[in-house]
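Chain by chain, the residues:
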Amino acid sequence: MATSDSQASDWAVYRRLLGYVADQKRWFALAVVGFLLTAGGEAGFARVFGMVIDGLGAPDPSYIWLFPALMIVLATGRALGSIAGEYTLSRISFRAIHRIRRELFDRLLVLPSAFYDGSARGHLVSRLTFTTAQLRDATTDALKIIVSDGLKVVVYLAGMFYINWLLTVIFLAIAPLVGAIVRYAARRFRTLSKRIQDSMGDVTHVSAEAVAGYREVKIFGGERYEEERFRTASDRNRRQNLKMATTKATSAQVIQWLAAGALAALVGLIFMPGVGGSMTPGEFATYLALAGALANPIKKLSDVSARLQRGLAAATDIFGQLDEAAEPPGGDIDVERVAGAIRFEGVSFAYPHRQPESERELVLRDVSLTIEPGQTLALVGRSGAGKSTLASLIARFYEPSAGRILLDGKPLSSYRLSCLRRQIALVTQQVTLFNDTVGNNIAYGSLADRPAAAVADAVRRAHADIFIERLPKGLDTIVGDDGTMLSGGQRQRIAIARALLKDAPVLILDEATSSLDAHSERHVQAALEEVMQGRTTIVIAHRLSTVENADRIAVVEDGAVVETGTHAELVAKGGSYADLYRSQFENGETLAAPAPPVAAPVPLPTAARTLSPLVEAWYSDRLWPRLLAPFAALFAWLARRQRRRYLRDPSRAWRAPVPVVVVGNITVGGTGKTPLVIYLARWLARRGNRVGVVSRGYGGKARYPAAVDADTPAAVCGDEAAMVARRTGCPVVVDPNRPRAVRRLLAENEVDVVLSDDGLQHYALARDLEIAVVDGLRGIGNGLCLPAGPLREPVERLGDCDWVVCNAAAARLAADESVMAPHATAVVNIATGERVAPADFAASNPDVLAVAGVGNPMRFEATLRGIGLTPTMRILPDHHAFAAEDLNVAGEVPLVVTEKDAEKIKSLDAVWRERCWYVEIEMRFSEPVDERLERLFESRGLRVRGGER
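Residues numbered from 1 in each chain as written. Predicted model: local features only at pLDDT ≥ 70, side-chain atom pairs only at ≥ 80, totals over all residues. Heavy atoms only, no water.

Q: Pulling in residues and values, what's your account of the overall build of the protein?
A: Helix and strand counts for the protein come out as 30 helices and 23 strands. Relative to its full complement of 949 residues, the protein shows a buried share of 50%. A sequence separation of at least 24 residues applies to 78% of the contacts in the protein between residues at least 6 apart. Only carbon and sulfur atoms are counted for the fraction: they give 57% of the accessible area of the protein, which is about 43300 Å². (Helix = DSSP H or I, 4+ residues; strand = E, 2+ residues; numbered from the N terminus. Buried < 20%, exposed > 50% of the residue type's maximum accessible area, 1.4 Å probe, protein only. Contact = heavy atoms within 4.5 Å. Areas by Shrake-Rupley, 256 points an atom, 1.4 Å probe, with all protein chains shown as cover.)

As structure tokens, this is what we get:
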């Protein structure tokens, strides 16, 4: 019964397969005629040979031309027939395979996400390539053998029956044995063919994974593991193919042996009276030739079973995918543009492919949320909480297991699926780009007909024009396989340009900046702010500093929404969001991307000033500062010349009798070098060294050189020098002339090591160690020297420094960087000196006015947000000379300033002094640097005396 069912199933599959050639009946008839000519020609040759033998007994003059002419005619007919048959059947089969392959690919495009989740990518690709190729065995090759060699068998047997029917009947006695062998072989062929297809899918899958993940393979030493995986998959494929070849060869040879045995029996029977005695020598030769010629087509016909079973196994696999249910088309609503109101009502979800329905674990549980048109909802939480799944339901990649989702008050299922997805733009962490031009990747799919002006506008708004202009062919540059020719930030901006070009009312941003470096993230974040304007936006984020501006934030834990509210509300609440926020800032995870200012909920005055337009242009890579490039080139040449003069003739610089360590930067503006000077001074002092510091004294009015202590007013010595003296207790001397400052320092103090604050470009003072500080948040801006960019010296200068330290995040500008980050240790009242723990201060005063007159106020803002404050920023120029009106503010809101600014504000007498606080910070490194510092000092002959005390 099982065999009968299997045969019925095979016939159903083959009949369906033949349906792809049903419209080719005329071509098939031509193929039959062609192969019939071929079979007739070969049988005709055997008959001519018999006639020649009979003609030898009674020669006729006409035989001289008759027999050769017959042979030429038969050869011509056989050749024409074979060509016609081969061509027409190949045409039929290749057309059928092309049609099936197209249907298979088209089906892939409409299958639901659950199908992809449950399928290996390698098997899907193998099905399109290898498996469809196997169909040729069941179409072209099998049909050709059945038609061509089947007709030969029929023609040969007809000739044999005509010559001697009795011998032919005896010869056909082997047919049942041949049929049994073919039947057994067919079952084995079917099993082996299925195994070969599966093993080939494994080979494709393993190789595709190894190629796609070659970086991980190399860096984690996975070569042997991948070699073993591939060897196992390939060896299994080899063994199955070997079994197939063995079965095929054995069955064919057994059938040929049976045919040879039958032919041997015929030869003996021919000489028996009453069986073959009446045959002429020519008929005898013709009969044996026809019987001998039967062996070859019979062998091929026995092979057809293997080909058919391979084709049927392939067809079964392919039809299984073709029969997969496509995504439902949805309802009847088809609107041009929705408003963008989204509401989740008790939504629960479990992935359908993972477990049986009764055992499925809910990924989302009873989620209810409302997003108004144009609002931004941020979904935050730990990895695996269900954030991306929640967003995937909006695009109907999956259907909720319970509850419903409404768009503009109507269930998602009531919209046509094409209409629904027309309303949504998606930007993910893993951007998919196609091996095509940049322009075609932006104007992709339904966007291909957008005008060039619209594409150019999307490129500009996505901040992608900055790098596209530098590509060899601009928008016509090929991006490579999955965009391998572009960086991560460039890929993200192309995806954002694509979203801008689509202009959909609903935007989903799924971890769109989580894998980028600080420099790329600034561009991408600016582009995201552009694309989010006027749209309903769902932001999925792990880095909380990127979502503080969201209208609402929803915290997702274990598939449930546990908190919702604004950033300020959730921080003040002190729940899950506040814990996530504090832990991230303490670990330095979010310092690489400070969020833009969030308006405080209490009435506060507008910021007095913003950053200089030139500075903003430097760090946003605007085009207009590049107009100053000739002056930047001249500045760079002068800087290089000055350094070369120092290197060629070190005697030009004055060398102090004690080691000198210079801490500086190659950019203008704050980088955090002064806090690093404080860190180093304390580090050296703990090891028994007497440390002195020299500084420029910027903003002070002292008569140089001037000694500074903890009580020296900032108005005299400058804010940085006053802060260093107070925080370290070290002797400090200020003077723009650094050698003169060191002489004064050494004349009045016992000093073992001199630290020069911001002295990297002051080559008049010889140095034993150079330490450069780089702002990890802003990097080096557009990379140009003054005045076109922020660089004091060309960026290659970092390669000459002994140590490069990045503030807040890695800048990736030097081979072996260290990363430090500011850590708030206390909030100190300027008037009373009261010290409050940062967490306690934030709990009682979450909303503050933050005033910053420093080189990088964004870092100060990030520090404030890191301790749980919600600041409204008032930004003033670096080294600003504060006046009382700079800090006047109505109400009782606390004022928070930087520690450096506090040095100048202390001298002011105003009513707000009791409400003015500064944040005391200390630098902490992402990894221990004690051993590195010891090695660094010792390599320059600077002995670190004693151990830490």
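Now that the structure has been shown, the text picks up again.
Q: Got a sec to walk through the pattern of salt bridges? Specific residues and values, please.
A: For the coordinates displayed, the defined rule picks out 34 salt bridges. Here Asp-758 ties to Arg-792 by a salt bridge, and the two come within 2.9 Å at their closest N and O atoms. Residue Asp-758 is found in the loop between strand 15 (753-757) and strand 16 (769-775), and its partner Arg-792 is found in the loop between strand 16 and strand 17 (803-807); the two are separated by 34 residues along the sequence. Owing to a relative accessible area of 23%, Arg-792 belongs among the partly exposed residues under this scheme. The salt bridge involving Glu-903 is made with Lys-906; its shortest N-O contact spans 3.7 Å. Classification of Lys-906 as partly exposed rests on a relative accessible area of 31%. (Salt bridge = Lys/Arg side-chain N within 4 Å of Asp/Glu carboxyl O.)

Q: Mind laying out the environment of Leu-755, listing which residues take part and the relevant values?
A: Among the secondary structure elements, Leu-755 is positioned in strand 15. Accessibility expressed as a relative area gives 0% for Leu-755, which makes it buried. Spatially, the C-alpha atoms of Leu-755 and Arg-767 are 9.7 Å apart, while their sequence positions differ by 12 residues. Residues in contact with Leu-755, not counting those within four places in the same chain, are Val-661, Val-677, Leu-680, Ala-681, Leu-684, Val-691, Gly-692, Val-693 and Val-694.

Q: Account for the packing of helix 23 (residues 673-686) against helix 25 (residues 719-728), naming residues and giving values.
A: The relative placement of two packed helices is expressed as an angle between their axes plus a distance between the axes. The interhelical angle for the contact between helix 23 and helix 25, taken along N-to-C directions, is 25 degrees, at an axis separation of 10 Å. By the criterion of interaxial angle, the relationship of helix 23 to helix 25 is roughly parallel. When the axes of helix 23 and helix 25 are compared, the crossing they make is right-handed. Between helix 23, through Lys-673, Thr-674, Ile-678, Ala-681 and Arg-682, and helix 25, the contact on the second element is made entirely by Glu-720, Met-723, Val-724, Arg-727 and Thr-728. (Axes fitted to C-alpha atoms, helices over the stretch in contact; angles between N-to-C directions. Parallel < 35°, antiparallel > 145°, perpendicular 65-115°, else oblique. Left-handed = near helix turned anticlockwise from the far one by under 90°.)

Q: Can you tell me about the sheet that holds strand 10 (residues 560-565), naming the residues and giving the values?
A: Judged by pairing direction, the sheet is mixed, and its six strands sit side by side in the order 6-7-8-3-9-10 without closing on themselves. This sheet does not close on itself; its edge strands, each paired only once, are strand 6 (424-428) and strand 10. This sheet shows a mean twist of 15 degrees between the axes of neighbouring strands, independent of strand direction. Looking at chain direction, strand 9 (residues 552-557) and strand 10 are connected through five bridges and run antiparallel. The residue of strand 10 that forms the bridge with Ala-554 is Thr-564. Along the sheet face, helix 17 (residues 488-502) touches strand 6 and strand 7 (506-510) and points at about 175 degrees away from the line of strand 6. (Pairing = 2+ DSSP bridges.)

Q: Residue-level account of the side chain of Arg-932, with values.
A: Turning to its location among the elements, Arg-932 is positioned in helix 30 (residues 930-939). Beyond its immediate stretch of four places on either side in the chain, Arg-932 contacts Trp-803, Asp-816, Glu-817 and Ser-818.

Q: Report on helix 23, specifying residues and quantitative values.
A: Here helix 23 is 14 residues long and its end C-alpha atoms lie 20 Å apart, about the 20 Å a rise of 1.5 Å per residue gives. Burial analysis of helix 23 places 10 of its 14 residues in the buried class, which makes it a mostly covered element. Taken as a whole, helix 23 has its buried residues at Lys-673, Thr-674, Leu-676, Val-677, Ile-678, Tyr-679, Leu-680, Ala-681, Trp-683 and Leu-684. Where helix 23 ends, the next residue or the one after it, Gly-688, has phi of about 85 degrees, a positive value. (Expected span 1.5 Å × (residues − 1).)

Q: So what's going on with the packing of helix 23 against helix 30? Residues and values would help.
A: Orientation of helix 23 relative to helix 30, taken along the N-to-C sense of each, is 80 degrees, at an axis distance of 12 Å. Overall, the two elements helix 23 and helix 30 adopt an arrangement that is roughly perpendicular. Residues Tyr-679, Leu-680, Trp-683 and Leu-684 of helix 23 form the contact with helix 30, whose own contacting residues are Asp-930, Leu-933, Glu-934 and Phe-937. Of the residues that constitute the contact of helix 23 with helix 30, the class distribution is six nonpolar, no polar and two charged. (Nonpolar A, V, L, I, M, F, W, Y, C, P; charged D, E, K, R; others polar.)

Q: Could you give me a rundown of the confidence of the model for the protein, with the residues and numbers involved?
A: Averaged over all residues, the pLDDT of the protein is 77; the fraction at 70 or higher stands at 76%. Low pLDDT (under 50) marks residues 585-610, which in the prediction has 76 contacts with non-local residues, meaning those over four places away or in another chain. (pLDDT = per-residue confidence, 0-100.)

Q: Residue-level account of unusual backbone geometry, with values.
A: Backbone geometry follows two general trends: most residues other than glycine have a negative phi, and most peptide bonds adopt the trans configuration. With an omega of -10 degrees, the peptide bond between Tyr-704 and Pro-705 qualifies as cis. Secondary-structure assignment places Pro-705 in the loop between strand 12 (691-695) and strand 13 (706-708). Of note, the bond from Leu-786 into Pro-787 is cis; its omega dihedral lies within 30 degrees of zero at 0 degrees. One non-glycine residue, Asp-366, lies in the positive phi region at around 50 degrees. Notably, Asp-408 is not glycine yet its phi reads approximately 55 degrees, a positive angle. If you trace the backbone, Asp-408 turns up in the loop between strand 4 (402-407) and strand 5 (410-411). By relative accessible area, which is 25% here, Asp-408 ends up partly exposed.

Q: Could you give me a rundown of empty space enclosed by the protein, with the residues and numbers involved?
A: Enumeration according to the criterion identifies one cavity of 30 Å³ or more in this entry. In terms of lining, the largest cavity is formed by Ile-342, Ile-394, Leu-407, Leu-412, Leu-420, Gln-423, Ile-424 and Val-506. Residues of the lining of the largest cavity, tallied by class, amount to seven nonpolar, one polar and no charged. (1 Å grid on protein atoms, 1.4 Å probe; cavity = no way out; pocket = protein on both sides within 12 Å on 5 of 7 lines; lining within 4 Å. Points joined across faces, edges and corners; volume = space filled by probe spheres on them.)

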